[in-house]
Amino acid sequence: ALSILGKEGLVEIIPRKGTYVKKFSVKEIKEIYSLRRVLEEFAVESAIDLISDNQLEKMKKLSEDYRHFMKEGNLESCLESDMRFHELLVEASKNSRLSQIIKSFSLQIKSIEMGYLEVYERGEKTVKEHLAILDALAKGDSGLAKKLIREHITDAEEHILTNLKMQNRINGDS
């Protein structure tokens, strides 16, 4: 099991020393989020004429679930709702290769967000961003939807990097 987590980039296995939960560097986070940004923009562009009303409703429900879990203080369920929102967005593109590529690093994204994303600080903003993306998709406005998903992912990345830098200062890792 640990070797699988190692292959997923979630743990570091150091021979004769042990196995440790992976700490992502600023460079790694930037690489992952730049890929995510490009791939999800492509997903939005591909999904614009393909997304169904049912998919839009499911994504809206996930945004409402996010808000509910945030108010309950349930971080893990917030992140699950957010991850599922983005998975449905990619699935709406009907591009199985794209889905496969994004799934290949979704555990890394979840691990980063569990460690550094303060959903309580971004909570309502995340919900509003999700709903704005859905509105642009429903209207068939590809340009706006791409702009909104790009801004959404960039904002999350910046928030994560700020929190990482603060944690490093507190822990003396800077």
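Located above this text is the structure these notes cover.
Residues numbered from 1 in each chain as written. Predicted model: local features only at pLDDT ≥ 70, side-chain atom pairs only at ≥ 80, totals over all residues. Heavy atoms only, no water.

Asks: What is the right way to read the side chain of Glu129 from this model?
Replies: If you trace the backbone, Glu129 turns up in helix H7 (residues 119–139). With residues up to four places along the chain from it excluded, the contact list for Glu129 reads Arg122, His152 and Asp155. (Helix = DSSP H or I, 4+ residues; strand = E, 2+ residues; numbered from the N terminus. Contact = heavy atoms within 4.5 Å.)

Asks: Just checking my understanding: could you explain the nonpolar core for this structure?
Replies: Residues Ile29, Ile32, Tyr33, Met59, Ile112 and Leu137 are the most contacted members of the largest nonpolar core, which totals 36 residues. Counting only elements with at least two residues in this core, the list comes to helix H2 (26–47), helix H3 (53–72), helix H4 (75–91), helix H5 (96–104), helix H6 (106–116), H7 and helix H8 (142–171). Setting aside anything within four residues of it in sequence, one finds Leu137 in contact with Val44, Ile48, Ile51, Leu56, Leu89 and Ala145. (Core = buried A, V, L, I, M, F, W, Y, C linked by side-chain atoms within 4.5 Å. Buried < 20%, exposed > 50% of the residue type's maximum accessible area, 1.4 Å probe, protein only.)

Asks: Sorry, what's going on with the packing of H4 against H6 here?
Replies: The geometry of a pair of packed helices is captured by two quantities: the angle between their axes and the separation between those axes. In the contact formed by H4 and H6, the axes pass within 11 Å of each other and the chain directions differ by 145°. Two packed elements cross with a definite hand, and for H4 against H6 that hand is right-handed. Mapping the contact onto sequence places Leu75, Glu76, Leu79, Glu80, Asp82 and Met83 in H4 and Ser106, Ile109, Lys110, Glu113 and Met114 in H6. (Axes fitted to C-alpha atoms, helices over the stretch in contact; angles between N-to-C directions. Left-handed = near helix turned anticlockwise from the far one by under 90°.)

Asks: In this structure, what is going on with the environment of Gly140? I would like to understand it.
Replies: Positionally, Gly140 belongs in the loop between H7 and H8. Overall, Gly140 belongs to the partly exposed group, its relative accessible area being 40%. Separated by 93 residues in sequence, Gly140 and Ala47 place their C-alpha atoms 9.4 Å apart.

Asks: Before we go on, may I ask you to explain H3 in this structure?
Replies: Each α-helix winds once per 3.6 residues, and so residues spaced three or four apart point in a common direction. Here H3 spans 29 Å end to end across 20 residues, near enough to the 28 Å set by a 1.5 Å rise per residue. Where H3 is concerned, the buried positions are Gln55, Leu56, Met59, Leu62, Ser63, Asp65, Tyr66 and Met70. Residue Gly73 follows H3 closely and has a positive phi angle near 80°. (Expected span 1.5 Å × (residues − 1).)

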